[in-house]
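Each chain, written out:
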Amino acid sequence: MPDITDEQRKALEEKIKHMSPEELREFQKQQCIFCQIIAGKVPAKKVYEDEKCIGVLDINPAAKGHVLIMPKEHYVIMPQIPDKEIGHLFLVSKYLSQAMLKVMKVPGTMVYVANGLAAGQKAQHFMVHLIPRKEGDGVIDSTEKLLDLPIQRKVHLAVEHRLNQLLGIKKEVVVIDDGKEQETAAVEKKRDVPEPLPQDEKKGEEEETETEKEGGVSLDDIARLFK
Amino acid sequence: MTCEYCQLLDQKGSIIYEDAEVVVAVKDTVITAGQITVFTKEHFTILEMVPDSVIQKCCVMSNKVSIAVFEALGAQGTNIIINNGLGAGQKVPHVALEIVPRRENDGLILQWQPKQLMEDEMETAYLLLKAEGDKLVNIGKKQEKKEVVNAQEPVKGKIQDKAGKKNYLMGSLRRMP
C-alpha cells in the first residue's frame, strides 16, 4: 500500500463501505498485483497462457522453476471459483508438471494450494503453486503421525455429513428404526431453509457476531482476512 | 505388495465418498488431525498418468472437501497438496490430493523459505519452461472439446452444484465489506 494519511484512509474506507458488490470487485482487482500481471501492466516471466489462466515464475521461489498458475478472473479463495475453472487450473498444472519433470530434470513436483490466510496464503489472488522437488530439499515439512481412531472417526463423521450435503447426496442410512430417520431428515430441513435469510438481512458487525455464536468460521470470513 | 490406497478401498471403513473415479478417505497417518485424502479410484502412480477428466473431477471434489472441512471442522484455511513423485516425498505410489485443515498458529510448517535466485538462473528456468509451455496451448483447447462430449452423462448432479455455487458467490459478494 502506498503511504496515505489518516484522512485519506478514512475517506477510502468510507468509499469502500458504499460500493456495490460489482464496484467492490472491480476495486479489489485494481489493487491486486496479480491482476496487473495478468493484464500485462506489471512485467513477469510468463511461461504459459490461455484464455482462462496464466502461469508465471514466482519471483521468490521455493526452488528454481517454481511456477504460479492463476485464474485470470480475480478470486481470493478456492470456494469462490466455479468447478470448471478449478478443473482447468489443475489440468494446466498437470501439463506444466510434465514439462517441469522433463526440462528442469527433477525427480518430482509438488502441486500446492494455500487456501486462506491461516494456510499461509499471502497473495489476494488465488493461485496453484507448482514446485520442482528433489529428495531432501526441505521445501515443506510433511512429517506424518498416527491418528487415534476416535479422532479419525469424529473427523470422518463430521466431514462426511457436510460433504454429503454439499454434493446433494442423501446418505444411505441403514434404517434401524423409522423414528430416528425422520428425525435426521427434519434436522436437515431446518438447516437448509432458514439459513440463507439471516445471511442476506444481516450485514456488517451484526453478521460477524452471528458466525462467532455458531462457533464455525464462514468462508467469507476467511476471504476477508486478507484485507 | 499391494498399494495402501487400493487397500483402503477394499476395507471401506475409512471411505467418506466414492464414485467411479474419485475416492475420499480419512487416513490414519496424517500431517494433522482432520486431514482428508482425495485419490483416484483407479491405480495411477503419478499425476502425469491420470486422464484429464479424472484430474478435473478430483480437483473439484477436493474443493468440495475443502469447503466441508472449513464448515464441519471450523478450519480457517486449507492446504491442498499433491506430492508427485518419490523426489517430492510421495509415500504411497498412488496419486492423491491431501487436504490439510489449517488454523492460525497451529504450528504446522507447510511453507517454504523463499529463495532469491540469480537473474540468470531465473532466465534459464524461464526459457526452458516457456518453450514447453508454448507447446501446451493447443492441448488445453483440445481438452475442452472432449469435455463437452463427456459432460453429457452426469448432468443431473452438476446442475444443482452450479446453482449452489452461484448463490454462494452472490452471497459472498454482498457480504464483503
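Please refer to the structure placed before this passage.
Residues numbered from 1 in each chain as written. Chains lettered and ligands numbered in written order. Predicted model: local features only at pLDDT ≥ 70, side-chain atom pairs only at ≥ 80, totals over all residues.

Comments concerning the overall build of chain A
At step 1: When you go through chain A residue by residue, the secondary structure sums to nine helices and six strands.
At step 2: Sorting the 227 residues of chain A into buried and exposed places 35% on the buried side.
At step 3: If you take every contact in chain A between residues at least 6 apart in sequence, the share linking residues at least 24 apart comes to 54%. (Helix = DSSP H or I, 4+ residues; strand = E, 2+ residues; numbered from the N terminus. Buried ≥ 20, exposed ≤ 12 C-beta atoms within 10 Å, placed from the backbone. Contact = placed C-beta atoms within 7 Å.)

Some words on the interface of chain B and chain A
At step 1: Each side of the interface is counted separately: chain B has 84 residues, and chain A has 86 residues.
At step 2: Sorting the residues of the side of chain B that touches chain A by element identifies β1 (15-18), β3 (29-30), α2 (52-73), β5 (77-84), α3 (119-150) and α4 (155-175) of chain B as the ones contributing at least two each.
At step 3: The dominant element in the side of chain B that touches chain A, judged by the number of residues it contributes, is α2(B), at 16 residues.
At step 4: Sheet topology note: the strand β4 (residues 108-115) of chain A/β5(B) ladder contains seven bridges and is antiparallel. Bridge pairing in β5(B) places Thr109(A) opposite Asn84(B). (Pairing = 2+ DSSP bridges.)

Description of the packing of helix α5 (residues 149-167) of chain A against α2(B)
At step 1: The contact between α5(A) and α2(B) brings their axes to 8 Å, and the two run at 120 degrees. Comparing the axis directions of α5(A) and α2(B) gives the class oblique. Where α5(A) crosses over α2(B), the two elements pack in a sense that is right-handed. Where α5(A) abuts α2(B), its residues Val155(A), Ala158(A), Val159(A), His161(A), Arg162(A), Leu163(A), Leu166(A) and Leu167(A) lie against Lys64(B), Val65(B), Ile67(B), Ala68(B), Val69(B), Glu71(B), Ala72(B) and Leu73(B).
At step 2: Of the residues in the contact of α5(A) with α2(B), the class split is twelve nonpolar, one polar and three charged. (Axes fitted to C-alpha atoms, helices over the stretch in contact; angles between N-to-C directions. Parallel < 35°, antiparallel > 145°, perpendicular 65-115°, else oblique. Left-handed = near helix turned anticlockwise from the far one by under 90°. Nonpolar A, V, L, I, M, F, W, Y, C, P; charged D, E, K, R; others polar.)

Things to note about α2(B)
Residues and elements named next belong to chain B.
At step 1: Between the first and last C-alpha of α2 there are 31 Å, a value that for 22 residues agrees with the 32 Å anticipated at 1.5 Å per step.
At step 2: Burial runs high along α2: 20 of the 22 residues are buried.
At step 3: Glycine 74, located one to two residues past α2, shows a positive phi value of around 65 degrees. (Expected span 1.5 Å × (residues − 1).)

Looking at unusual backbone geometry
At step 1: The phi torsion at Lys105(A) lies on the positive side, around 50 degrees, for a residue other than glycine.
At step 2: The phi dihedral of Asn105(B) falls on the positive side, at around 55 degrees, and the residue is not glycine.
At step 3: Looking at the element boundaries, Asn105(B) is found in the loop between β6 (96-102) and α3.
At step 4: Assessed through the 6 C-beta atoms surrounding it within 10 Å, Asn105(B) is described here as exposed.

Some points on the sheet that holds strand β3 (residues 67-71) of chain A
At step 1: Judged by pairing direction, the sheet is antiparallel, and its ten strands sit side by side in the order β1(A)-β2(A)-β3(A)-β5(A)-β4(A)-β5(B)-β6(B)-β4(B)-β2(B)-β1(B) without closing on themselves. Because the sheet does not close on itself, it has two edges, and the strands there are β1 (46-49) of chain A together with β1 of chain B. Each strand axis lies, on average, 20 degrees off the axis of its neighbour in the sheet, ignoring direction.
At step 2: Here strand β2 (residues 53-57) of chain A pairs with β3(A) via five bridges, running antiparallel. From the neighbouring strand, Cys53(A) faces β3(A), where its bridge partner is Pro71(A).

Details of the nonpolar core
At step 1: Residues Ile69(A), Leu96(A), Val159(A), Val24(B), Val38(B), Val65(B) and Val69(B) are the most contacted members of the largest nonpolar core, which totals 87 residues.
At step 2: Broken down by element, this core gets its largest block of residues, twelve residues, from α2(B). (Core = buried A, V, L, I, M, F, W, Y, C linked by C-beta atoms within 7 Å.)

Remarks on the pairing of β6(B)
Two faces, one strand: in a regular strand the side chains alternate between the faces of the sheet.
Residue and element names in this part refer to chain B.
At step 1: Across the seven residues that make up β6, a large majority, seven, are buried.
At step 2: Residues of β6 alternate between two faces, with Ala96, Glu98, Val100 and Arg102 on one and Leu97, Ile99 and Pro101 on the opposite face, all of them buried.
At step 3: Direction of pairing for strand β4 (residues 36-40) relative to β6: antiparallel, over a ladder of four bridges. Looking at the pairing, isoleucine 36 lines up with isoleucine 99 of β6.
At step 4: As defined by bridge partners, β5 adjoins β6 across five bridges and the pair is classed as antiparallel. Note on β6: the bridge partner recorded for threonine 78 is proline 101.

Some thoughts on the pairing of strand β5 (residues 128-133) of chain A
Residue and element names in this part refer to chain A.
At step 1: Counting buried positions along β5 gives six out of six residues, so the element sits mostly inside the fold.
At step 2: A two-sided burial pattern is seen for β5, the buried positions comprising Val128, Leu130 and Pro132 on one face and His129, Ile131 and Arg133 on the other.
At step 3: Summarising the sheet, β3 and β5 pair through three bridges and their orientation is antiparallel. Across the sheet, the residue bridging to valine 67 is leucine 130, located in β5.
At step 4: The sheet contact formed by β4 and β5 spans five bridges and is antiparallel. Paired with glycine 108 across the two strands is arginine 133, which belongs to β5.

Quick notes on the packing of helix α4 (residues 83-103) of chain A against α2(B)
At step 1: Orientation of α4(A) relative to α2(B), taken along the N-to-C sense of each, is 125 degrees, at an axis distance of 8 Å. Classified by the angle between their axes, α4(A) and α2(B) sit oblique to one another. The handedness of the crossing between α4(A) and α2(B) comes out as right-handed. Residues Asp83(A), Ile86(A), Gly87(A), Phe90(A), Leu91(A) and Lys94(A) of α4(A) form the contact with α2(B), whose participating residues are Asp52(B), Ile55(B), Gln56(B), Cys59(B), Val60(B) and Asn63(B).

A few points about the environment of Ile151(A)
At step 1: As for its position among the elements, Ile151(A) is in helix α5.
At step 2: For the pair formed by Ile151(A) and Arg133(A), sequence separation is 18 residues and the distance between their alpha carbons is 32 Å.

So, α4(A)
Residues and elements named next belong to chain A.
At step 1: Spanning 21 residues, α4 covers 30 Å between terminal C-alpha atoms, matching the ideal 30 Å at 1.5 Å per step.
At step 2: The element α4 is largely enclosed, with a buried count of 15 among its 21 residues.
At step 3: Two residues or fewer past α4, lysine 105 is found with a positive phi of approximately 50 degrees.

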